[in-house]
Amino acid sequence: MKLGIVGLPNVGKSTLFNSLTKAGAAAANFPFCTIEPNVGVAAVPDPRLAALNAIYHAPSVVPAVVEFVDIAGLVKGASEGEGLGNKFLAHIREVDAIVHVVRCFDDGDVTHVSGAVDPARDIETINLELILSDMEQVEKRLAKAAKAPRSGKGGAELSALTKIKAALDRGDRASSADLDAEESEAAALFNLLSAKPVLYAANVSESDLADGGAGNAYAAVVRGIAEANGGGVFVVCAKIEEELSELPDDEKAEFLAELGADSGGLDRLVSAGYSLLGLISFLTAGPKEVRAWTVPAGTKAPGAAGKIHTDFERGFIRAEVVAYDDLIAKGSAAAAKEAGLMRSEGRDYTVRDGDVILFRFNV
């Protein structure tokens, strides 16, 4: 999962990025602190890996990872070169989804680029800049597509671009364009920013974190916008995440409990991101390695095998599958198999979240 982090200056983007990735990107109380795009990765929290390794004692435990790209704060006019955001929009065209950090706290000591906190206005500002940036891309592609053959893929591309341009001209996101299956396939290659799923990060104060931001009016506005636009949302306190990132792992749970929070920001982000993008994790386990793999929900067994290596998919024979809970309950693969809990599945099997799989293949 690759996520691009956007937002106005001084909303907590880089602080959150630093906390999640421990990348040490610059973060300060003035606009445009992020000069170059920052890239970092974070391990997906998954307690199942430790539980599996208590059985297998493998020397290597490999979690799934999330890659983050943090770009300079966007301001009104960014698509036309205002601020620094315009330079870096290209860096998030390849991401799977956009994490839009929205300021949902009042603090006179932290400058707001627009003078006051207003989540609806701030979200609209960013959305408009993404739409305007996409419009430039679409117009360039339309000029080329108009000269290309109108049949097959060329026709689908031209039709998709025409519909998307109409949506952008109305001030709507590219994702709102009514595309058929062929047009959608063509549009996926455009990497339009306003076509990407959006996960809103409502950045609240420490005092609002305990109840998940339920009493924060700003966060309620963000939730309403997310629901209206098919986006995801999670509540986070970037300041707390910064403190958490400096604690040893064994102290983090205690610190969160004191705050009345049941999980950290990365856990909430991953959960919301997986849900938004329709992702699941399957697991592989053996004496050499215990590992988590991320695939789209609905992936068939050969496709999941291909996630590990193309040879696994090409020479797929079968998948030996046991549910994580069953394996843990029985304490070993042999005991699970003896109890009839390990299944042999073929090419048509749809992988489920938490499946522990051994792939058999021959090339």
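Everything discussed here concerns the structure shown above.
The structure contained in this document is the topic of the report that follows. Because the structure is predicted, anything quoted here is derived from the model rather than measured.

### Some thoughts on the overall build of the chain
Turning to step 1, where the next piece is worked out: When helices and strands are counted, the chain shows 14 helices and twelve strands.
Turning to step 2, where the next piece is worked out: In terms of overall dimensions, the chain is globule-like: its C-alpha atoms have a radius of gyration of 23 Å, near the 21 Å expected for 363 residues.
Turning to step 3, where the next piece is worked out: Reported as C-alpha extents along the three principal axes, the dimensions of the chain are approximately 65 × 60 × 35 Å.
Turning to step 4, where the next piece is worked out: By residue count, 48% of the 363 residues in the chain fall in the buried class.
Turning to step 5, where the next piece is worked out: Sequence-distant contacts in the chain: of pairs separated by 6 or more residues, those separated by 24 or more amount to 69%.
Turning to step 6, where the next piece is worked out: Taken as a whole, the chain presents about 16,900 Å² of accessible surface, with 51% of it coming from carbon and sulfur.
Turning to step 7, where the next piece is worked out: Placing the 36 positive and 52 negative side-chain charges of the chain at their respective mean positions leaves the two points 9 Å apart.

### Side note on the pattern of salt bridges
Turning to step 1, where the next piece is worked out: Taken as a whole, this structure holds 17 salt bridges when the rule is applied.
Turning to step 2, where the next piece is worked out: Two residues, Asp353 and Arg48, come together in a salt bridge whose shortest N-O distance is 3.3 Å. Here Asp353, found in the loop between strand 11 (343–345) and strand 12 (355–361), pairs with Arg48, found in helix 2 (residues 47–56); they are 305 residues apart in sequence, far enough to count as distant.
Turning to step 3, where the next piece is worked out: Where Arg318 meets Glu320, a salt bridge forms, and the shortest distance between an N and an O atom there is 3.3 Å.

### What about the side chain of Arg103?
Turning to step 1, where the next piece is worked out: Following the sequence through the fold, Arg103 ends up in strand 5 (residues 97–103).
Turning to step 2, where the next piece is worked out: One buried charged residue, Arg103, remains without a salt bridge, the closest side chain of opposite sign being Asp107 at 5.7 Å.
Turning to step 3, where the next piece is worked out: For Arg103, the side chain forms a polar contact with the main-chain oxygen of Phe105, separated by 3.1 Å.
Turning to step 4, where the next piece is worked out: Of the polar contacts made by the side chain of Arg103, one reaches the backbone oxygen of Asp107; its length is 3.1 Å.

### Regarding the nonpolar core
Burial of nonpolar side chains together is a common tendency in soluble globular proteins.
Turning to step 1, where the next piece is worked out: Of all hydrophobic cores here, the largest spans 49 residues; its most connected members are Leu3, Phe68, Ile92, Val99 and Phe234.
Turning to step 2, where the next piece is worked out: It is helix 10 (residues 265–277) that provides the largest number of residues to this core, a total of five residues.
Turning to step 3, where the next piece is worked out: Excluding anything up to four places from it in sequence, Ile92 contacts Gly4, Val6, Val69, Ile71, Leu193 and Lys196.
Turning to step 4, where the next piece is worked out: By size, the runner-up hydrophobic cluster in this structure holds 20 residues, among which are Ala202, Ala226, Cys237 and Phe255.

### Observations concerning the side chain of Asp134
Turning to step 1, where the next piece is worked out: Tracing the chain through its elements places Asp134 in helix 4 (residues 119–145).
Turning to step 2, where the next piece is worked out: Taking relative accessible area as the criterion, Asp134 reaches 0% and is therefore assigned buried.
Turning to step 3, where the next piece is worked out: Sequence-distant contacts of Asp134, defined by excluding residues within four places in its chain, comprise Arg93, Leu168, Leu192, Leu193, Ser194 and Ala195.

### Concerning unusual backbone geometry
Turning to step 1, where the next piece is worked out: Positive phi outside glycine occurs at Asn10, with the angle close to 65°.
Turning to step 2, where the next piece is worked out: One can find Asn10 in the loop between strand 1 (2–6) and helix 1 (13–21).
Turning to step 3, where the next piece is worked out: Judged by its relative accessible area of 13%, Asn10 is buried.
Turning to step 4, where the next piece is worked out: Not every positive phi belongs to a glycine, and His57 is a case in point at roughly 55°.
Turning to step 5, where the next piece is worked out: Tracing the backbone through its elements, the reader meets His57 in the loop between helix 2 and strand 3 (60–62).

Rules used throughout
Residues numbered from 1 in each chain as written. Predicted model: local features only at pLDDT ≥ 70, side-chain atom pairs only at ≥ 80, totals over all residues. Heavy atoms only, no water. Helix = DSSP H or I, 4+ residues; strand = E, 2+ residues; numbered from the N terminus. Rg over C-alpha atoms; globule rule 2.2 N^0.38 Å. Buried < 20%, exposed > 50% of the residue type's maximum accessible area, 1.4 Å probe, protein only. Contact = heavy atoms within 4.5 Å. Areas by Shrake-Rupley, 256 points an atom, 1.4 Å probe, with all protein chains shown as cover. Lys, Arg positive; Asp, Glu negative; His and termini not counted. Charge placed at Lys NZ, Arg CZ, Asp CG, Glu CD. Salt bridge = Lys/Arg side-chain N within 4 Å of Asp/Glu carboxyl O. Polar contact = N/O pair within 3.5 Å; in protein donor to acceptor, adjacent residues only side chain to side chain. Core = buried A, V, L, I, M, F, W, Y, C linked by side-chain atoms within 4.5 Å.

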